[in-house]
Amino acid sequence: MEPTQGIREKFGRFRILVVGRANAGKTTLLQRICNTTEKPEIFDRMGNKIGAAVVQGTVNRGYHNIENELVFRSNRDYVFHDSCGFESGGEDEFKKMKEFVLDRASTTKLKERIHAIWYCIPMDECHRAITKAEERFFSECDTNNVPVIAVFTKFDALWDDAYGQLKRSGLTRRECSNRAPERAREIFANAKIWDRLRETQYKYPPKDFVCVAEMEKYTADCVPLLEITTSALGEEAMQMLLISTQRTNMALCVKYAVEK
């Protein structure tokens, strides 16, 4: 295995494209991954920092730049890109996103490659979990072996639905609270959302999925997402690059050190 320092020198920082509709909990998820409540700093492709006023101005005009790099000061070992807008149905935005993925998945500039894609789908809208945007992405977007993880965010919204079902069945409040997470998983399984995403009609389905809840809380557990992403990478050098970003999840670092 290459030493971590050698891997970093070759591939740079771990780079993730984050996809998902507005209010899917993307920013909150990234803040928890990087163990912060601060907003990210934003840089252009050349590494020049972009001021907040400039960023807000482009957002107000309805323009987003997927090339921009989002970096949190609490953990600069990650670089994030936001898909920014194609989910609303814009043809131009979808085209730009596809071009970005194809370019960054295969560029010879190794430090600019994306290593994983997190597609965020909020469960507070589980009745419309798979929209035209998801159907189009998984049907048309060739990620060139970059693994896509379906991240079902706001999973605690299903806990509320589960609690209501259990309460109507006559259980006490404590019993409802204790059983709600398990019942929520049953609701999710019965909805067959993951099964539908894996259907053969989609040419480029996600490689795996994870459900995340209460990401706004400091105690939220991000380890399952990191474990699944690490496993999906396949290539050992990329796994080590991701693991090397973990400044707080020592359990994950130890796990993969022992396995390897």
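Nothing here was measured: the structure is a model prediction, and the numbers come from that model. (Residues numbered from 1 in each chain as written. Predicted model: local features only at pLDDT ≥ 70, side-chain atom pairs only at ≥ 80, totals over all residues. Heavy atoms only, no water.)

Trainee: What exactly am I supposed to notice about the overall build of the chain here?
Mentor: What the chain contains, in helices and strands, is 11 helices and seven strands. With 260 residues in all, the chain has 48% of them scored as buried. Of the roughly 13500 Å² of accessible surface on the chain, 48% is carried by carbon and sulfur atoms. (Helix = DSSP H or I, 4+ residues; strand = E, 2+ residues; numbered from the N terminus. Buried < 20%, exposed > 50% of the residue type's maximum accessible area, 1.4 Å probe, protein only. Areas by Shrake-Rupley, 256 points an atom, 1.4 Å probe, with all protein chains shown as cover.)

Trainee: I keep staring at the packing of aromatic side chains and nothing clicks. Help me out?
Mentor: Two aromatic rings, taken as a pair, are described by how far apart their centres are and by the angle between their planes. Scanning all chains against the criterion turns up 11 aromatic pairs. When the ring of Phe72 is compared with that of Phe80, the centres are 6.1 Å apart and the planes differ by 75°; the resulting orientation is edge-to-face. Taken individually, Phe72 and Phe80 each receive the classification buried, so the pair is uniform in this respect. Between Phe137 and Phe138, the aromatic rings sit 5.1 Å apart at their centres with planes inclined by 85°, giving edge-to-face as the arrangement. Per residue, the accessibility class of Phe137 equals that of Phe138, and both read buried. An aromatic cluster is defined as three or more aromatic residues linked by ring pairs; in this entry it consists of Phe152, Phe155, Phe188, Trp194 and Phe209. (Phe/Tyr/Trp six-rings, centres within 6.5 Å; stacked < 30°, edge-to-face > 60°.)

Trainee: Can you walk me through unusual backbone geometry in this structure?
Mentor: Residues other than glycine predominantly adopt negative phi, and peptide bonds predominantly adopt the trans conformation. A positive phi angle is found at Asn144, which is not glycine, with a value near 50°. Turning to its location among the elements, Asn144 is positioned in the loop between α5 (132-140) and β6 (148-153). Of the residues examined, Asn144 reaches a relative accessible area of 35% and is grouped as partly exposed. One non-glycine residue, Lys192, lies in the positive phi region at around 55°. Along the chain, Lys192 falls in the loop between α7 (173-191) and α8 (193-197). Classification of Lys192 by relative accessible area gives partly exposed; the value is 47%.

Trainee: Could you clarify how one ought to interpret the pairing of β6 in this entry?
Mentor: Within a regular strand, the side chains alternate between the two sheet faces. Burial analysis of β6 places six of its six residues in the buried class, which makes it a mostly covered element. Here six bridges tie strand β5 (residues 116-122) to β6, and the two strands are oriented parallel to one another. What sits directly across from Tyr119, in β6, is Ala150. After leaving β5, the chain enters α5 and then returns to the sheet as β6, a path that is right-handed. Relative to strand β7 (residues 208-211), β6 runs parallel, the two sharing four bridges. Considered in β7, the bridge of Val151 is made with Val210. (Pairing = 2+ DSSP bridges. Right-handed = clockwise from strand over helix to strand, strands pointing away.)

Trainee: Sorry if this is basic, but what is going on with the pattern of salt bridges here?
Mentor: Opposite charge on two side chains permits pairing when their charged atoms draw close. Within this structure, the stated rule accounts for 20 salt bridges. Among the salt bridges present, the one from Arg73 reaches Glu38, with a minimum N-O distance of 3.0 Å. Residue Arg73 is found in the loop between β3 (69-72) and β4 (75-82), and its partner Glu38 is found in the loop between α2 (26-33) and β2 (41-43); the two are separated by 35 residues along the sequence. Residue Glu38 is classed as partly exposed on the basis of its relative accessible area of 37%. In the salt-bridge network here, residues are joined through shared partners; they are Arg45, Glu67, Asp103, Arg104 and Glu112. (Salt bridge = Lys/Arg side-chain N within 4 Å of Asp/Glu carboxyl O.)

Trainee: I would appreciate a short explanation of the packing of helix α6 (residues 156-168) against α7 in the present structure.
Mentor: Working note: a packed helix pair is described by the angle between its axes plus the distance between those axes. In contact at an axis separation of 7 Å, α6 and α7 are set at 120° when each is read in the N-to-C sense. Judged by the inter-axis angle, α6 sits oblique to α7. The handedness of the crossing between α6 and α7 is right-handed. Along its contact with α6, which presents Leu158, Trp159, Asp161, Ala162, Tyr163, Gln165, Leu166 and Lys167, the element α7 presents Arg173, Cys176, Ser177, Arg179, Ala180, Pro181, Arg183, Ala184, Ile187 and Phe188. Grouping the constituent residues of the contact of α6 with α7 by class yields 11 nonpolar, two polar and five charged. (Axes fitted to C-alpha atoms, helices over the stretch in contact; angles between N-to-C directions. Parallel < 35°, antiparallel > 145°, perpendicular 65-115°, else oblique. Left-handed = near helix turned anticlockwise from the far one by under 90°. Contact = heavy atoms within 4.5 Å. Nonpolar A, V, L, I, M, F, W, Y, C, P; charged D, E, K, R; others polar.)

Trainee: What exactly am I supposed to notice about the nonpolar core here?
Mentor: The nonpolar side chains of soluble globular proteins are, as a tendency, buried together. Ile33, Tyr78, Phe80, Trp118 and Val151 are the most contacted members of the largest nonpolar core, which totals 37 residues. Apart from residues no more than four positions distant in its own chain, Val151 is found in contact with Leu29, Trp118, Tyr119, Cys120, Ile121, Val210, Val212 and Leu225. Among the nonpolar cores identified, the runner-up in size contains 35 residues, and Val101, Ile117, Cys141 and Ile187 belong to it. (Core = buried A, V, L, I, M, F, W, Y, C linked by side-chain atoms within 4.5 Å.)

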